[in-house]
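# Structure at a glance
What follows is each chain in one-letter form.
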Amino acid sequence: MATVTDAGDPTAPEVNPERGLTQGQVAERVARGQVNDVPSTTSRTVGQIVRANVITRFNIILGSMLVVILTVGPIQDALFGGVLIANALIGIVQELRAKRTLDQLAVLTAPKACIVRDGDVHEHPIGAVVVDDVLELQPGDQVVVDGETLVADGLEIDESLITGESDPVVKRVGDPVLSGSFVAAGSGRIRATKIGREAYATRIAEDARRFTVARSELREGTDTILKYVTWAIIPTAGLLFFSQLRRDASLAEGLRGAVAGVVAMVPEGLVLLTSLAFAISVVRLAKKRVLVQELPAVEGLARVDVLCIDKTGTLTEGRLTVEEVELVEDDAPYEEALAALAHVDAHPNATMAAVAERFARPPDDWNVVEAVPFSSARKWSGATFRDRGSWVLGAPEVVLGDAFIGNHELARRVAEHAEQGQRVILLARSPVEISRDALPEEVEPIAIVALADQPRPDAAQTLTYFAEQDVAVKVISGDNPRTVAAIAARLGLKGAENAIDARELPEDDPEALAAALEKDTVFGRVTPHQKRAMVQALQSRGHTVGMTGDGVNDALALKDADLGIAMGSGSAATRSVAQLVLLDSTFDAIPQVVGEGRRVLGNIQRTSNLYVTKTVYAMLISLATGVLGFAFPFLPRHLTLIGALTIGIPSFFLALAPSSDRWQPGFLRRVLRFAVPAGALAALATYLAYTFALDATGVTLREAQTTATMVLCWIGLLVLSIVAAPLNPRKLAMIWSMGALFVLAVILPVAQEFFALETPPLIVWLAAFGIASIVWSAARLFVPHPKGSSGVPLMD
């Protein structure tokens with residue numbers, strides 16, 4: 001047995017693959033810190049989550065106003081503080097929930113390492129591996145560190161999670177083995193050469209793990225509004241405060257008036273409703289086994305117009321099955337032979353496992369004399385059975401050699417199966433006893449065995465859904481382009497007939513790469529770095545790109561995509577960087593995510609018209625009050641009441657309505673086009689009614705403020721009726737219910753006291769109603785219909 005020099009310490013004795021390191025050598029390496037210290041972070045820390053949801057522009061604005069009101073005003077005027085707390089809690093709770101699920105998933109899927117020490121093999125956590133440890137590998141084991149092959153007995157490594165190539169790679173003594181790969185067949189032992197943060201899989205994961213928040217046009221638009229509101233708050237608040245003092249108001253009254261105007265300018269309900277709608281969607285998706293790591297990710301797939309997917313595990317189940325057995329020689333016992341060959345192999349690869357599943361029970365009288373297990377290097381397996389001769393199963397061109405080329409009929413039949421995306425192997429018989437080193441002579445073909453990776457049951461339906469929703473699907477796989485194209489065409493993917501070998505793509509010309517991706521649909525032999533370049537090339541053409549993946553090789557592409565979608569059965573690296581995790585690893589869950597995202601975005605834009613209208617009229621009323629020097633028309637609690645009845649409660653119901661339009665850019669522009677004229681008319685009507693009440697004989701300030709509150713509430717309900725269009729009985733009932741609640745607040749003594757309302761004289765009532773009616777007529781003429789998320793006007 002060969003030995004290797006101790007790379008961790010040149011002066012130490014050689015490492016024997018049969019005995020591994022001694023306990024003393026292990027202790028020395030542990031003392032030097034040469035242990036497999038793998039970062040275990042699967043998401044943001046608790047502290048990072050709390051800080052990200054607490055320290056925001058929105059919270060700072062409202063928080064400072066809340067402190068002022070709690071200092072100088074009654075608790076009723078601090079009701080808006082509940083929005084601040086609720087918004088932060090929703091974001092924190094959701095991210096903590098996602099973190100807990102991911103951490104549990106990481107524990108459940110954490111690999112173990114079989115380490116050889118002092119001649120004994122024991123299973124240890126991967127953190128116990130030290131430099132130069134000898135690790136034993138068996139089929140199905142995950143390679144947890146980078147290493148060098150010491151012993152190889154038909155060892156084949158599945159590097160699909162690293163390279164994207166689904167075919168196993170044969171490893172011989174001295175060959176490198178990368179972390180993140182799996183043992184597909186055979187067995188062996190490796191020496192750990194790179195561990196911890198130096199290992200290949202860990203380096204990729206560390207690069208990808210740097211946290212970035214999912215892009216959300218909703219939040220970006222809201223943040224833009226908040227930015228401008230922030231700039232306007234200080235001069236507006238100062239103007240309001242000093243205008244109140246000029247009226248001989250007390251310091252407390254001046255501060256309350258200033259806060260009332262400033263708080264109304266902040267669309268606090270929009271921020272809360274967005275978080276709440278996202279959170280409800282997260283709960284709905286969780287029931288469908290879709291984990292949303294960040295609230296804005298719900299929006300992501302609603303905006304996606306290109307979705308990049310892999311073949312294996314996405315379009316297909318990643319499991320080979322025998323599709324067809326086509327006889328070449330009649331009357332041969334091919335079923336018995338296939339069953340016997342499949343069950344001779346103690347460590348079957350995917351092909352032999354599929355044969356064993358199809359032909360489950362080998363005959364009792366098929367007694368093996370000599371057997372050769374399958375190897376990707378040999379591309380065949382075989383066995384000699386007593387009184388049955390020798391049987392071989394493998395690639396047709398290898399099993400028959402030059403004879404395959406001359407057998408035109410057999411070659412034609414094999415090619416037909418290959419063109420359908422099937423994997424073809426040939427069963428052959430020989431009277432000569434088998435040898436491990438060479439195929440037996442006088443080989444006679446018996447049967448063609450066609451295998452295929454089974455398409456997922458709902459894959460075709462899912463692809464049809466995306467086609468109907470104008471979402472282009474790009475299949476990006478490490479497999480043979482012809483195989484990928486055959487599967488895609490079988491599932492009805494448009495454009496699958498023209499498969500592209502990614503090795504021929506122009507890597508040094510991003511513009512040419514983008515043009516190729518725009519033109520074609522199916523790409524094979526794609527390397528990991530090409531996946532990332534493809535995502536960036538599509539984004540350069542203005543596309544919003546979604547990317548699915550399960551392997552370490554997908555992590556960086558998932559990170560760069562506008563929306564990363566990881567499979568729950570995939571690597572921890574992909575799960576940690578993706579915004580969505582499909583816990584059941586099923587592609588058919590994605591349309592449900594698309595539908596949920598479109599429902600949220602369409603309805604949030606609809607309700608955004610209400611909130612931004614409030615911001616507009618609050619700012620105009622505050623400026624008019626400050627310039628003219630009148631008492632501010634409202635107390636903070638008045639605006640809380642108006643906002644709840646005309647915006648807050650209705651918008652909650654509107655946000656839950658169905659919607660299927662694909663999101664189009666221009667959210668903020670569409671909202672402002674409606675909100676600015678609507679808000680200006682609301683401010684005009686309110687101030688006209690308020691100044692009329694102030695000028696009326698015998699009307700108190702509280703009665704004038706009640707008049708302003710009534711008019712603004714009426715106008716708000718009229719604006720709500722426009723935004724809620726098309727109106728149906730349910731929406732009409734909601735609007736009339738809000739109006740009834742306001743009437744109760746005005747006439748019930750308890751509500752009057754709580755909200756500081758006092759009914760004005762009848763003449764003021766009538767004048768206010770007339771003003772509201774005139775403004776309503778103007779609104780019908782001059783305020784454009786709001787547009788939905790697709791840019792199409794909402795029907796009236």
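Reading guide: rules and limits
Residues numbered from 1 in each chain as written. Predicted model: local features only at pLDDT ≥ 70, side-chain atom pairs only at ≥ 80, totals over all residues. Heavy atoms only, no water. Buried < 20%, exposed > 50% of the residue type's maximum accessible area, 1.4 Å probe, protein only. Helix = DSSP H or I, 4+ residues; strand = E, 2+ residues; numbered from the N terminus. Pairing = 2+ DSSP bridges. Salt bridge = Lys/Arg side-chain N within 4 Å of Asp/Glu carboxyl O. Contact = heavy atoms within 4.5 Å. Expected span 1.5 Å × (residues − 1). Bend = angle between axes of the 7 residues up to and from the residue. Phe/Tyr/Trp six-rings, centres within 6.5 Å; stacked < 30°, edge-to-face > 60°. Core = buried A, V, L, I, M, F, W, Y, C linked by side-chain atoms within 4.5 Å.

So, on to the pairing of strand β9 (residues 306–309). Burial of the side chains of β9 extends over both faces: Val306 and Cys308 are buried on one face and Leu307 and Ile309 on the other. Sheet topology note: the β9/strand β16 (residues 472–476) ladder contains four bridges and is parallel. Along β16, the bridge assignment pairs Cys308 with Lys474.

Here we come to unusual backbone geometry. Look at Asp331: it is not a glycine, yet its phi comes out positive at around 65°. Mapped onto the elements, Asp331 comes out in the loop between β10 (316–327) and α11 (334–344). Residue Asp331 is classed as exposed on the basis of its relative accessible area, which comes to 79%. Even without being glycine, Arg525 reaches a positive phi, approximately 55°. For Arg525, the location among the structural elements is in the loop between β18 (522–524) and α19 (528–540).

Summed over all chains, the structure comprises 16 salt bridges. Between Glu409 and Arg412 there is a salt bridge, and its shortest N-O distance comes to 2.5 Å. Of this pair, Glu409 and Arg412 are both found in helix α15 (residues 408–419), three residues apart, which corresponds to roughly one turn of the helix. Residue classification places Glu409 among the partly exposed positions, given a relative accessible area of 41%. Its relative accessible area of 39% is what places Arg412 among the partly exposed residues. Between Arg412 and Glu416 there is a salt bridge, with the nearest N and O atoms lying 2.4 Å from each other. Linking Arg412 with Glu416, this pair stays in helix α15, spanning four residues, or about one helical turn. The class for Glu416 is partly exposed, based on a relative accessible area of 37%.

Residues of helix α17 (residues 481–490) that are buried include every one of Pro481, Val484, Ala485, Ala486, Ile487 and Ala488, and no others. Buried residues along α17 sit against β10, α15, β15 (444–455), β16, β17 (499–501) and β18. Backbone geometry just after α17 places Gly492 at a positive phi near 85°.

What follows concerns helix α22 (residues 590–628). With 39 residues, α22 extends 56 Å from end C-alpha to end C-alpha; this agrees with the ideal 57 Å at 1.5 Å per step. Of all bends in α22, the biggest is about 25°, found at Ser608. For α22, the buried fraction is high: 31 of the 39 residues fall into the buried class.

This part covers the pairing of β16. Within β16, four of the five residues are buried, leaving the element largely enclosed by the surrounding structure. The sheet contact formed by β16 and β18 spans two bridges and is parallel. Bridge pairing in β18 links Val475 to Val522.

Before going further, it helps to spend a moment on the packing of aromatic side chains. The tally for this structure, following the rule as stated, stands at seven aromatic pairs. With a centroid separation of 5.8 Å and an interplanar angle of 50°, the aromatic rings of Trp366 and Trp391 are classed as tilted. Separated by 25 residues along the polypeptide, Trp366 in the loop between α12 (350–358) and β11 (368–375) and Trp391 in strand β13 (residues 389–394) bring together distant segments of the chain. Across the pair, exposure class does not vary: Trp366 and Trp391 are buried alike. Both rings, one in Phe754 and one in Phe755, keep their centres 5.0 Å apart while their planes meet at 80°; by these two values the pair is edge-to-face. Under the relative-accessibility criterion, Phe754 is labelled partly exposed at 35%. A relative accessible area of 16% means that Phe755 is categorised as buried. Put simply, the rings of Trp366, Phe385 and Trp391 touch in pairs and so form one group of aromatic residues.

Moving on, we come to the nonpolar core. Counting residues in hydrophobic clusters, the biggest one holds 110 residues, and the most contacted among them are Leu301 and Ile590. Ignoring any residue separated from it by four or fewer positions in sequence, one finds Ile590 in contact with Leu301, Leu307, Phe466, Thr548, Ile565 and Leu582. With 28 residues, the next largest nonpolar core counts Leu341, Met352, Val355 and Val449 among its residues.

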